[in-house]
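# Chain and residue survey
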Amino acid sequence: MSVLAFVVHVAAVVLAVTGTRKVVDPAGIVAALDAAGLPSGEAIGRGLGLIEVGVGVWVLVGGGSVSAAAMALLYGGFVAFIIANRVRGLDVPCGCIGTSTAPPGRYHVTIDLVAVVAASWAMAAPVGPAADWADHGAVGLLALVGVVVSAALVAVGLEASARSHGL
């Protein structure tokens, strides 16, 4: 496995976690969509969450270039949503995790851009499923633990960034 696989798997776990959060409690994403003037509602929020969970799990379980493309599109959509709202002068809340009313900060945009680049790269150099880490013995299992811990740290950072300030 590679550094690329590590980053892609971290981004996939983050996607699955934030998607799960939307499915369980769509209030954050509903508020973000409302503030941006887009169609919203619990069904839409939960539907977006299910798509995120599905793509995150697909990357983790199946790997490959098509799942990487789907992940690149989602993270690219997040970046476009943030930038479009900032250009329009709107202080739209993050909506990705929690119910903060603060717009996404630089940390959030950086994480999304790193995920777009990694997923795009993985389209050309496909990454296998997360289970492949087990093929590398103790080092691979340690790397897999690192994926989970890193994803948790990114998610906590996203939530803290959303609470602290915008761009």
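Residues numbered from 1 in each chain as written. Predicted model: local features only at pLDDT ≥ 70, side-chain atom pairs only at ≥ 80, totals over all residues. Heavy atoms only, no water.

Glancing now at the packing of aromatic side chains. Here the structure, examined in full by the defined rule, presents 1 aromatic pair. On the basis of an interplanar angle of 75° and a centroid distance of 5.4 Å, the ring pair of tyrosine 75 and phenylalanine 78 is categorised as edge-to-face. Of this pair, tyrosine 75 and phenylalanine 78 both sit in helix H4 (residues 65-87), 3 residues apart, roughly one helical turn. Looking at tyrosine 75, the relative accessible area reads 3%, which means it is buried. (Phe/Tyr/Trp six-rings, centres within 6.5 Å; stacked < 30°, edge-to-face > 60°. Helix = DSSP H or I, 4+ residues; strand = E, 2+ residues; numbered from the N terminus. Buried < 20%, exposed > 50% of the residue type's maximum accessible area, 1.4 Å probe, protein only.)

Throughout the structure, instances matching the rule amount to 3 salt bridges. With a closest N to O distance of 2.9 Å, arginine 86 and aspartate 91 form a salt bridge. Look at arginine 86 and you get partly exposed, because its relative accessible area is 30%. By relative accessible area, aspartate 91 is classed as exposed at 56%. (Salt bridge = Lys/Arg side-chain N within 4 Å of Asp/Glu carboxyl O.)

Before going further, it helps to spend a moment on the confidence of the model for the protein chain. With 86% of its residues at a pLDDT of 70 or more, the protein chain shows a mean pLDDT of 85. No element of the protein chain has a lower mean pLDDT than helix H6 (residues 137-164), which averages 69, and none a higher one than helix H3 (residues 42-61), which averages 95. (pLDDT = per-residue confidence, 0-100.)

This next bit is on the packing of H3 against H4. The contact between H3 and H4 brings their axes to 9 Å, and the two run at 140°. The orientation of H3 relative to H4 falls into the category oblique. Regarding H3 and H4, the two cross each other, and that crossing is left-handed. Between H3 and H4, the contacting residues are Ile51, Glu52, Val55, Trp58 and Val59 on the first element and Val66, Ser67, Ala68, Ala70, Met71, Leu74 and Phe78 on the second. The residue inventory of the contact of H3 with H4, partitioned by class, reads 10 nonpolar, 1 polar and 1 charged. (Axes fitted to C-alpha atoms, helices over the stretch in contact; angles between N-to-C directions. Parallel < 35°, antiparallel > 145°, perpendicular 65-115°, else oblique. Left-handed = near helix turned anticlockwise from the far one by under 90°. Contact = heavy atoms within 4.5 Å. Nonpolar A, V, L, I, M, F, W, Y, C, P; charged D, E, K, R; others polar.)

Of all the residues in helix H2 (residues 27-35), the buried ones are Gly28, Ile29, Val30, Ala32 and Leu33. The elements touched by buried residues of H2 are helix H1 (3-24), H3 and H4. Just downstream of H2, glycine 37 is the residue with a positive phi angle, here 75°.

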